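This is what each chain is made of:
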Amino acid sequence: NGNRGGTSAAAATALNVQAELFGTNDVVVKYVLEGHDRGVNWAAFHPTLPLLASAADDRQVKLWRMSETKAWEVDTLRGHANNVSCCLFHPKQELVVSNSEDRSIRVWDVSKRVGVQTFRREGDRFWILAAHRSQNLLAAGHDSGMIVFKLERERPASAHGPGDKLYYVRGRELFCHDYSRATGGSSGVDVPIASLRRVGQQAQTDGIGSGPRFLSYNMHNPTEGNILVCSEVDGGCYELITFSLTNAGGSVTDGKRGSCLGPGVFLGRNRFAVLDRHKREIVVKNLNNETTKRVSAPVPNVDCLYDGGASGRIILRADDRAVLFEVQSRRVIGELTAPKIKNVVWSPDGSKVALLCKYGVVIANRQLEQLCSISDTVRIKSGAWDVSPTGGTNSNLFVYTTLHHVKYCLPTGDTGTIRTLDNPIYATRIVKDSLFCLDREARSRVISIDTTEARFKLALANKKYGQVMHMVKHSRLCGRAIVAYLQSKGFPEVALHFVRDPQTRFRLALACGNIEAAMESAFSLEQQQGADGKSRDVWGELGSEALRQGNHQVVEMSYQRKKDFDRLSFLYMLTGDNEKLRKMLKISNMRNDIMGRYHNALLLGDAAERVAVLEASGNLPLAYISANLHGLDEVAERIKVAIETQEGSVEGLMEKVPVGTKKGGRLLQPPTPIVRASNWPTLEIKKTTLEDLSAADAGDEYEEESAPAAAADTGASAGAAAWDDDFGMEDAGAGIGGDDDFDLGDDDMGWGDDLDGLGDIGGDDIAPDQVDDMA
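If you're wondering where the values come from, they're calculated on a predicted model, not measured in any experiment.

Here's the deal with the packing of helix α11 (residues 578-590) against helix α12 (residues 594-604)
- The geometry of α11 relative to α12 is characterised by a closest axis approach of 8 Å and an angle of 160° between their N-to-C directions. Classified by the interaxial angle, the pair formed by α11 and α12 is roughly antiparallel. Considering the relative orientation of α11 and α12, their crossing is left-handed. Side by side, α11 and α12 meet where Asn578, Leu581, Arg582, Met584, Leu585, Ser588 and Asn589 of the first sit next to Gly596, Arg597, Asn600, Ala601, Leu603 and Leu604 of the second.
- Of the residues belonging to the contact of α11 with α12, the class tally is six nonpolar, five polar and two charged.

And the structure:
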């Protein structure tokens, strides 16, 4: 609560205002704080301490302390050049944030009572501030809109050490986190190493942005620990810390300091390199912090250097390029394009490197030759390689995090989402299904993840088919994404294990040439959809695949289900089954299909039937010529009389037909089939290693699943052999009187019902006695 002056009259006025606003009975004025010279625009309480901050038109921010009996002024924060519009206490740090009409936002240290940071905006005055309750976010309103910002980066500085150790900074302390000493639900044990000194102009306070930004550990020195702590204070600086590996917290050598741009990198046991921030040269120093060499960068505009994965190598960032450079020989080993690189993560065996960009990940080999590149729509926060001792994922599975997700990337380019996150984390280590990480408070955590999908894709890419089939049977892999992935990679037979939908199973079975599985799915679809057009399309596709493989029994069954009479007749002609071909002729006769009758008679070599079809269709001249050519004299004479009765003539008809030449008329006989057996030699469908493993490992379960298909195969052979028993025209006629269809019988899964299901006669009703006469 504040007022505009320091007089008792002003206090009385304030009391009157309180009475008018709240009433005199419910609200009692506890304190009247006097100190500002001009009007107070804002006042804010500290979230936990008895402190109050106020902002006024006198260009000052004042701090006040309260007790049970009184309140008094603690200090005044001066620096704004115009009216101070708003102020607040930072919810997580001992800071006061204020904004003003002087177009600036200022950050003040509460304990030291000095300004630690200033943000300016040209052309817009600031009016109001707000802080997020849980995240390190602030919002400020200005003349033309609003900005949301954070005071500093929240990524904790960390670096991997030898074995199962991680070095990181929390506050002003350097810790070593030992994963090998993990117990229960903890990720390991924290061992303090050293306290970091404050550096730069803000050495007297924990200013915003003064914390360490990068850590580099010397992996080339097995005798002692060396860590480079780099920050961005005063344009960039580093501190070299040396300690004993056996007694980490007790023998720390006083840090050696210097200026640099970005992180420093160890080149060998007793050498490290930093980037000169003025000349952009690579400066090589020994552990005594003495410069031993200066090397010009091989490319212009170098602004950062990273670890090169081997002794004497570094990766240089220049514009949107990454350059692998060997310092000793001064030669460029590799180069690739990677926009806005933020970090570099090497695999445990040093064979691969992941370049973390602002919106993507680029994976390359040790020579910086690109293996894959992925992009994302949100910023990449961190990443780590899998270090599992078993499973084949070591140095082959890269897990990275974004603001709200944990995702994976394989060197093959395959990616996927593992889980969602409530708050951002920074991955440090992956072991099987555990993600070790640091949160924004630099606390070590362990998060459970499921990498089954990534391991499955990796095993498939590495052709570890035994592992693939084991995961198929024992893992909870499912979903359209997995099915689409397997299809795109050419493994539809594996996708069959995940799919239960008949339509999808049918497509997959056709893709891998599995006739039995396709047939099973076709029957299921027929039961679901009925014998409509969609179901007939399914049988047509199945018949095409079976014809490609040479399985004429399945082709026959498919044509029967589809009621494709022309193709069925041609198939019987090819297989030499004249008995069934004659029955097709009878069915054409019953359906009043003139062309069908003629084609079947032609395929059978039945001249008398062809003449009868021509005569019945009104083509008497053709019928006369055909009867004469084939020696049917009596029939020819009868047709001649019919032609003359219709005032026609047969004179000159036979002269139009050359006889005795190659073009002359002759009796066509059906060709002799090359093979007469239960089935043709079928085209061998090449099975993949996965199918062979599946057949070998499935055991009794596989046999049970294959039983319906085997029964169907037996049914086909039985149906073909027992045609006379299953098909009689009398039986067919029994179905005509009802639905104008032949009796389908109980043929749910036994597909050897022959022609019983072909009776779509049409609109003409045929009496049973007519059918008996035809038979």
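Now that the structure has been shown, we can carry on.
Things to note about the state of the cysteines
- One pass over the structure, following the stated rule, counts zero disulfides.
- Here Cys237 stays unpaired: no disulfide links it, and the sulfur of Cys260, its closest cysteine neighbor, is 6.7 Å away.
- Classification of Cys237 as buried rests on a relative accessible area of 15%.

Some remarks on a negative patch on the surface
- On the surface, a cluster of negative charge is contributed by Asp633, Glu634, Glu637, Glu644 and Glu651.
- Along the chain, the position of Glu644 falls in helix α15 (residues 633-645).
- Given a relative accessible area of 41%, Glu644 falls into the partly exposed group.

Structural notes on the pairing of strand β26 (residues 321-326)
- In terms of residue burial, β26 counts as a mostly covered element, since five of its six residues are buried.
- Pairing of strand β25 (residues 313-318) with β26 involves six bridges; the strand directions are antiparallel. Across the sheet, the residue bridging to Ile315 is Leu324, located in β26.
- What sits between β25 and β26 in their antiparallel hairpin is a turn of two residues, with Asp319 showing a positive phi close to 55°.
- For β26 and strand β27 (residues 331-337), the ladder comprises six bridges, and the chain directions are antiparallel. Paired with Val323 across the strands is Glu335, a residue of β27.
- The antiparallel pairing of β26 with β27 creates a hairpin that spans four residues between the two strands, and Arg330 there sits at a positive phi of about 55°.

Thresholds, definitions, all that
- Residues numbered from 1 in each chain as written.
- Predicted model: local features only at pLDDT ≥ 70, side-chain atom pairs only at ≥ 80, totals over all residues.
- Heavy atoms only, no water.
- Axes fitted to C-alpha atoms, helices over the stretch in contact; angles between N-to-C directions.
- Helix = DSSP H or I, 4+ residues; strand = E, 2+ residues; numbered from the N terminus.
- Parallel < 35°, antiparallel > 145°, perpendicular 65-115°, else oblique.
- Left-handed = near helix turned anticlockwise from the far one by under 90°.
- Contact = heavy atoms within 4.5 Å.
- Nonpolar A, V, L, I, M, F, W, Y, C, P; charged D, E, K, R; others polar.
- Disulfide = S-S within 2.5 Å.
- Buried < 20%, exposed > 50% of the residue type's maximum accessible area, 1.4 Å probe, protein only.
- Patch = residues over 30% accessible without salt bridge, like charges linked within 9 Å, V, L, I, M, F, W, Y side chains within 5 Å.
- Areas by Shrake-Rupley, 256 points an atom, 1.4 Å probe, with all protein chains shown as cover.
- Salt bridge = Lys/Arg side-chain N within 4 Å of Asp/Glu carboxyl O.
- Lys, Arg positive; Asp, Glu negative; His and termini not counted.
- Charge placed at Lys NZ, Arg CZ, Asp CG, Glu CD.
- Pairing = 2+ DSSP bridges.

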